[in-house]
Each structure stands twice: as C-alpha cells, then as structure tokens.
There are 2 protein chains.
Amino acid sequence: MTRKKVTSLDVARMAGVSQSAVSRVFTEGASVSGEMDRRVRAAAEELGYRPNALARGLITGRTRIIGLVVAYLDNPFYPDAIEKLSHALQEKGYHLLIFTTGKHGIDTERVISDLLDYQVDGIVTASIDLSNELTRQCARAGIPVVLFNRGIPGSGLAAVTSDNLAGGRKAAEFLLAGGHARIAHIAGFDGAQTSRDRLSGFRTALESAGQGLHALADGRYDREAAAQAARDMMDRADPPDAIFVSNDHMALAVMDVLRFDLGLCVPEDVSIVGYDDVPMAAWPAYDLTTVRQPTRRMVDATVTELMTLLDRPNRAARVIQIDGPLVVRGSARIPEGYET
Amino acid sequence: MTRKKVTSLDVARMAGVSQSAVSRVFTEGASVSGEMDRRVRAAAEELGYRPNALARGLITGRTRIIGLVVAYLDNPFYPDAIEKLSHALQEKGYHLLIFTTGKHGIDTERVISDLLDYQVDGIVTASIDLSNELTRQCARAGIPVVLFNRGIPGSGLAAVTSDNLAGGRKAAEFLLAGGHARIAHIAGFDGAQTSRDRLSGFRTALESAGQGLHALADGRYDREAAAQAARDMMDRADPPDAIFVSNDHMALAVMDVLRFDLGLCVPEDVSIVGYDDVPMAAWPAYDLTTVRQPTRRMVDATVTELMTLLDRPNRAARVIQIDGPLVVRGSARIPEGYET
DNA sequence: GGGGTGTCTGCATACCTATGCAACTGCTCG
DNA sequence: CGAGCAGTTGCATAGGTATGCAGACACCCC
C-alpha cells in the first residue's frame, strides 16, 4: 500500500550513477556537470525522491531547526511575532520547533533537555524568563540563544527588545504633557527586565519633571491580575488620574475594569497608555494610546542575529534595542500640539 | 571552549560496557539489569550525555515530530488551540514543527516538500485548506494527517471540528426565538467546509421556521472583509436586524462597525451572534453571544486520533465532531426563558 | 547431571546522507 | 608533446543510534 521510502541510492541506481553524485546534485555549491544534474533530477522526480533532512542533519551537524521556547500565547503580541518569525526563518530554510513551558516556567529543565536532544541549531525564547541554568547548558552545547522581547543583563545572551527605557519615557512625557497629576503604573512582572526597564524609564521621566510615581502594582502580564491591580488602585482614597500599563494585553483589561466595573470614562476620568500596539489596540472599542513595538523590525533583527551567531558562534552576542513610536489614540487625554 | 559532542560510545567507554548497552538503557522496554542501568546512568550523568534524537529518528523511522501547517494566527482561536496542542503533545514526547503558508495557501507545494523532508511522524493543519495534491502526497508517504477545525468530506482524511451544523442551528434558533425577522449571515470563506456547514445548519433552521436567509456575504475569515460586508448589508434598503457571523474574530469587527461607524446599538438595533467563544468574546466591551468551540476537547481528540493513526496507519481516519453550547451573553436580544 | 527457559550482554549491521581523497577526463599553455 | 590544471566522478567512510542474532550465564525441575 504505502511505498517504501526512496533513498538517494535508489535514485543513483535508476540514473546509473553513484550515490555521491545524487547527494551532490542536492547539495548547494557542489560540483556537478549539467548532464549529471539533468539525469539525477529526472530520476529523483520520477521516484519522488527528497533528501532526508535528518540524515543530512546527522552528518552536517546542522539541522536547520530553531527551537522556540514560549510560555503562553494569550497575549496577541506573541502570535503575531511568531507568525512573522516563522515566515522569515522559512525563507532562509529554517523551521521552528515549539517548546512550551508552564506559565511560570516550572518545567524549564525538561524542556531544555528536549531542546538539546533535537540538536536544534539555535534557540529563540519569547514570553519567558530563563534560568541561568538553561543559559549555562546551552552555552555549553554551543547553541546560540536569542531572547525575544526579554533581556538578561550580564548574561551575555543575545537579546532583541524595543527600547523599553525610551518607551517608558515617552509614555511619561505624554501623560505629563496632558497635565496629569497622579500618574500610576501597572508593571508586567518584576522578574522581567523588559518590564523593569519600562518602569525605570517611566519613573525617571516623571521624577525629572518633579513628579513621583503615584502608585505602582504588579500585573504579572496577566489580565486578571492587572484587573485586580486596577481595582485596588482606584479603590484608594486618592485614585490615579492616569495609568501607564506595561503591555496592551493588560491595558485592555484595565480599560474594561474602569469602564464596566467602575463606571468610569476613559480618558475623561482616567487616561490609559499601553505598550506593544497589538492589533486590538487600534480597534475602536479601545482606541488605545500605546508605545509601538515594531514587530517586523524586531523579528528581522532576531533572524539576523541568529544567522550571524550560526555562522560565527564565537562572536559576542549583541543586545539590540529597537525604538518604537508612541501611537496616539483616544485612551489618554491628548495634550495641545500632539498629532493624533 | 565548547565541548565536543558526547555520544553513546563515550558513555560506553567510561562505564566499561558496549555501546548497545548504553542504547538499551535509554530505550524504553529494553532488557537491562539493575547494575548495568546504574553504571550507565552514572556515566551518562557525568558526561552530560543525552541520546541524539536525530540519529534515533533515522534508525527507528519515528522522529516524534508533528508538523503543524498553519496559515495565519491573527484569529485568537488558533494561538489558544496551538498552545494547548503543543502542551498535550509534549506530554507524550512529541513536538510541533511549524510551517506557515501564505494566507491564501500560495506556497503550499513548497511547504509540503519541507514537511516531508523532515520525516515528520504526522501532520496537523489549522486555519488552512489543503489541496488534494497535498493530501495525495502525504498519503503516499504514509503520514497521518489530522485536519483541525476544517474537514474535507470525501477526502478520507481525519478531521476534528465542532459540530458546525448543530452550531449553526443553535444560532438560528436563538435568533428566531428572539423574534428577529431579517436574519443575515456573514460566512467565513466559501471554500471551507467548516464555514459551509455553519451556514447550512443556520439556513436549514431558518427555513424550517418558515423564514429565509435575509442576506448573505463572505467575510473570508478576515476582519476587514467582514467589516466591509457588514457595511454593505446595513447600507441596503432593508438592513438585517440580526447577523450570525461565522467566527468571533469577524463578529468583533462587525460589532465595531455597527457601533462606531454606523452609530448603531448592539443588540437593540442589530443582534450579533458569533462562533468560537474566543477569550475576547467574554470581555465586557463586546460581551458576545457565541457558539463555543470546546478547544480543550477538540485538542484532546486531535491528539488521540493522531496517536491512534501513528500506531495503526491503516486504520480508517475518523471525522470527529464535538458539540459545543451556545454561550448567551449580551450581544443579541435574549428571548424569554433563556438563561444568560 | 542435563535439558529447557529466561535474562543480559556484545557483536555486527543498518538507517541515509555528505565529503575527503584519489582517479579520471579534457584542456591549456609553455 | 608533456606538464599542469580545473572540473567531475566514484569509493569509502563517518555521523550516532537501535536491534537481530548468538553467546553467556543463572536457574529450575525432572
């Protein structure tokens, strides 16, 4: 019923040449005559032959597989990025092998083992914070790692993020220009450098304007936690008149709480600024002012860095920060002079 | 700097046993004495040995890799499903290798070739309609295929969907019970069986109530197309008073158009019913009445079917339909006697 | 004590391809 | 005309593991 697997040897026999010849025809940069090329390809076509990527990987030591380690996909920023990343890698003949960790990275250990078992050429992580243990293991195996949308300062690992410090600053300047007096922040997860940087840039800008951070809470990159944080903040004696939320995913939850739980108006009662510019931020139901993370450029940088490290494993890993604009919409009071 | 790769032979030498012994220790179901097991594992631990999945796959013919073919991830139903699918497969020692096709499946051919090159054990497709060509190639290679959230009748391929006919019917009955007189539908993509079934169940139910479909448009599973379709419908002399939209992703776009473009109220002016019950459907800004697709159960069924086909490739593929409830929220007029 | 049974182990080989090396061809150039 | 060279090709081997086969061993029971 189902045909036997067809190998390069089968093709060689049919074409009356050696197995090496077949291999060379399908190997880029090998020396093959036009005649040979024609005969082998004809035979291959007829038999339906395609080189076995595994056997190839076994011998070349390069599998053209990139491991993608990801904790969750409910923040729409990630599916979008992953789709683009997969496309970009596919262009270059690479593919993504997915490894999901628990939301709190419990089983990271096992995931890493699996990862190494598959002899992946490189690793991209997203929506996850890895332990030093992992770092060490991958370095030891000589596998390049690129952190996407996260960074671990001092780890020596390559990382691609937006310019989170600048982004936080832009949010602060915008809210200050809007004349807000009680400006709060709901952070992502205080173990994540990305979140810390956004906070740091935000706070610094507030302080240099002579204003302090009015309130601070941890939303743990989770809708429910962010919603609760917002409720708590608004429940205080002097609630904030503006909240910068560390990503859009949480910001939308905060807007829902303000409007539907507390009956407040955005931006009249409270201004909201998010981070990411996910597609939903542009939807009229939210119309969220937010700092854009240039997904495309971040993905391109990730791919470029990865390819570079594949070529030269010993080159120092780079930490790349890509600047993104503040996208002004309707969820925060618009100061004089700002274009929407 | 970076250590050499450590192989089973290295472990064997250190433990003073044969390479086969090492292999057996790491092979489930092989016969090994307790003493041997201990010695080998100790040596393996010390050297940091892990079996090479590629070499293993090459010889066993099973890679424990499942190819996932996906066209787009912007409909949040898919990221959610993929995350669950990845988890479930990981439990069983399998992993997903991603292949993205263009939104309109242009480069399906190349994708299939790549897929086969990697010797995947099985294939899952999502958000995509495959050509018969693909079907044929995979069958020929003896690789089981499971279509997720799509089905191709008569193809003989395994498929897991919700009960789309019943779902369409439920939507119709709900809208009929709500007393709507001009009931329209915005379909997904008329090449997709899933969409056709939803329409068919919907239309049949309307007709058996003596009512016809008031209007019909194709939203191509795309936000923009769906929005335009809604505008066109509402622009007619006798606009609908209810619209059943073939998935939530489009339904949310339709609600945005109605409210923000046309200044209409939902559900007072127009009732909206969606399909999927994506997380956002429950958000208060939309509060969308929708037919739930039980993602967890669909994923479980997909994994089960896949595992079964891996064991017995010749067993007939099954088409599995999983029933999901209508989740009543606030986007459609609620008839007497319905619980919210 | 011998034959049967069951458990472990090692040897040798197979899986499929890429590649170093040597041999061969046809050619140019001195 | 011979040396040298570039371009092709085949041979043989490597890459890391799983597994059939046969041998070794222990054990039991008659």
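Named according to an unreviewed UniProt entry, chain A is Putative galacturonate locus repressor originating from Jannaschia rubra.

Attention now goes to the protein's contact with DNA strand C. Lining the immediate surroundings of DNA strand C are 27 residues, of which Ser-8, Ser-23, Tyr-49 and Arg-56 of chain A together with Arg-24 of chain B lie closest. The sugar-phosphate backbone supplies 59% of the atoms of DNA strand C found within 4 Å of the protein. In the environment of DNA strand C, a base nitrogen lies 3.0 Å from a nitrogen or oxygen atom belonging to the side chain of Gln-19 of chain A. Between DNA strand C and the protein, one listed contact pairs a phosphate oxygen with a side-chain N or O atom of Ser-23 of chain A at 2.7 Å. Of all the secondary-structure elements, those providing two or more residues to the surface near DNA strand C are helix 2 (19-25) and helix 4 (53-60) of chain A together with helix 2 (19-25) and helix 4 (53-60) of chain B. Class assignment of the residues belonging to the surface near DNA strand C gives a composition of 10 nonpolar, 12 polar and 5 charged.

Our next topic: the interface of chain A and chain B. Across the contact, 53 residues belong to chain A and 53 residues belong to chain B. A buried area of about 5,000 Å², summed over both sides, lies between chain A and chain B, and 58% of it is on carbon and sulfur atoms. Broken down residue by residue, the surface that chain A buries against chain B is led by Leu-54, Tyr-118 and Trp-283 of chain A, which jointly contribute 14%. Our enumeration of links across chain A and chain B arrives at 2 salt bridges. Across the contact surface, chain A and chain B share 22 residue pairs in polar contact (both at pLDDT 80 or more). Of all the secondary-structure elements, those providing two or more residues to the side of chain A that touches chain B are helix 4, helix 5 (77-91), strand 2 (95-100), helix 6 (108-117) and helix 11 (248-261) of chain A.

The feature "domain: HTH lacI-type" (unreviewed entry), as annotated in UniProt, sits at residues 6-60 of chain A in this numbering. With 67% helix and 0% strand, residues 6-60 of chain A has end C-alpha atoms that lie 21 Å from one another.

With that settled, consider the relation of the copies chain A and chain B. You can overlay chain A on chain B at an RMSD of 0.1 Å; the transform is a turn of 180° with a shift of 0.0 Å along its axis. Both copies of the chain, as the preceding transformation shows, are related through a two-fold rotation axis. Judged by C-alpha distance, Leu-97 of chain A is the residue of chain A that lies nearest the rotation axis, at 2.2 Å. Take the interface residues of chain A: 100% of them recur as interface residues in chain B, which is what a same-surface contact looks like.

What follows concerns the sheet that holds strand 5 (residues 158-162) of chain A. What the 12 strands build is an open sheet, ordered 11(A)-5(A)-4(A)-3(A)-1(A)-2(A)-2(B)-1(B)-3(B)-4(B)-5(B)-11(B); its pairing is mixed. Two strands close off the open sheet at either side, each with one partner strand: strand 11 (319-322) of chain A together with strand 11 (319-322) of chain B. Averaged over neighbouring strand pairs, the angle between their axes works out to 20° when direction is ignored. As paired strands, strand 1 (residues 65-70) of chain B and strand 2 (residues 95-100) of chain B are joined by 6 bridges and run parallel to one another. Bridging across to strand 2 of chain B, Ile-66 of chain B finds its partner in Leu-96 of chain B.

Domain parsing of chain A yields domain 1 (8-51), domain 2 (63-162 + 295-322) and domain 3 (164-293). For domain 1 of chain A versus domain 2 of chain A, the distance between C-alpha centres works out to 36 Å.

This next bit is on the environment of Gly-201 of chain A. Residues and elements named next belong to chain A. For Gly-201, the location among the structural elements is in helix 9 (residues 193-208). In this structure the C-alpha to C-alpha distance between Gly-201 and Ser-246, which are 45 residues apart in sequence, comes to 12 Å. The contact partners of Gly-201, leaving out residues within four places of it in the chain, are Leu-165, Gly-168 and Arg-169.

Here the focus is the side chain of His-249 of chain A. Counting through the fold element by element, His-249 of chain A comes out in helix 11. Here His-249 of chain A is in contact with Asp-74, Asn-75, Pro-76, Tyr-221 and Arg-223 of chain A, once residues within four sequence places are set aside.

Our next topic: the pattern of salt bridges. Residue and element names in this part refer to chain A. By the definition in use, this model includes 26 salt bridges over all chains. Residue Asp-256 pairs with Arg-223 through a salt bridge whose shortest N-O separation is 3.1 Å. Of this pair, Asp-256 sits in helix 11 while Arg-223 sits in helix 10 (residues 223-235), and the two are 33 residues apart along the sequence. Within this structure, Asp-277, Arg-292 and Arg-329 form a network of salt bridges that share partners.

In this section: the nonpolar core. One finds Ile-243, Val-254 and Ile-272 of chain A together with Ile-243, Val-254 and Ile-272 of chain B to be the most contacted residues of the largest nonpolar core, which totals 168 residues. In this view, Val-254 of chain A contacts Ile-186, Ala-226, Ala-230, Ile-243, Val-245 and Ile-272 of chain A; residues no more than four positions away in its chain are not counted.

Residues and elements named next belong to chain A. Residue position: Asn-149 is located in the loop between strand 4 (145-148) and strand 5. Assessed through its relative accessible area of 4%, Asn-149 is described here as buried. Here Tyr-78 takes part through its side chain, which lies 3.0 Å from a polar atom of the side chain of Asn-149. Residues in contact with Asn-149, not counting those within four places in the same chain, are Phe-77, Tyr-78, Val-160, Thr-161, Thr-194, Arg-198, Gln-293 and Met-298.

Arg-24 of chain A together with Ser-8, Ser-23, Tyr-49 and Arg-56 of chain B are the nearest of the 27 residues found near DNA strand D. Close to the protein, within 4 Å, the atoms of DNA strand D belong to sugar or phosphate groups at a rate of 57%. Interatomic distance of 2.4 Å between a backbone N/O atom of Ser-8 of chain B and a phosphate oxygen of DNA strand D. Here Gln-19 of chain B contributes a side-chain N or O atom positioned 3.0 Å from a base nitrogen of DNA strand D. Of the residues contributing to the surface near DNA strand D, the split by class is 11 nonpolar, 12 polar and 4 charged.

By the definition in use, this model includes 0 disulfides over all chains. Cys-265 of chain B provides the cysteine sulfur closest to Cys-265 of chain A, a residue in no disulfide bond, and the two sulfurs are 16 Å apart. Taking the relative accessible area as the measure of exposure, Cys-265 of chain A reaches 40% and is therefore partly exposed.

Rules and cut-offs
- Residues numbered from 1 in each chain as written.
- Chains lettered and ligands numbered in written order.
- Predicted model: local features only at pLDDT ≥ 70, side-chain atom pairs only at ≥ 80, totals over all residues.
- Heavy atoms only, no water.
- Near = heavy atom within 4 Å.
- Polar contact = N/O pair within 3.5 Å; in protein donor to acceptor, adjacent residues only side chain to side chain.
- Helix = DSSP H or I, 4+ residues; strand = E, 2+ residues; numbered from the N terminus.
- Nonpolar A, V, L, I, M, F, W, Y, C, P; charged D, E, K, R; others polar.
- Contact = heavy atoms within 4.5 Å.
- Buried area = accessible area lost by both parts, 1.4 Å probe.
- Salt bridge = Lys/Arg side-chain N within 4 Å of Asp/Glu carboxyl O.
- UniProt positions renumbered as here; feature names shortened; annotations may be inferred.
- Least-squares fit on C-alpha atoms with pLDDT ≥ 70 in both.
- Pairing = 2+ DSSP bridges.
- Axes fitted to C-alpha atoms, helices over the stretch in contact; angles between N-to-C directions.
- Domains from an automatic or database assignment.
- Core = buried A, V, L, I, M, F, W, Y, C linked by side-chain atoms within 4.5 Å.
- Buried < 20%, exposed > 50% of the residue type's maximum accessible area, 1.4 Å probe, protein only.
- Disulfide = S-S within 2.5 Å.

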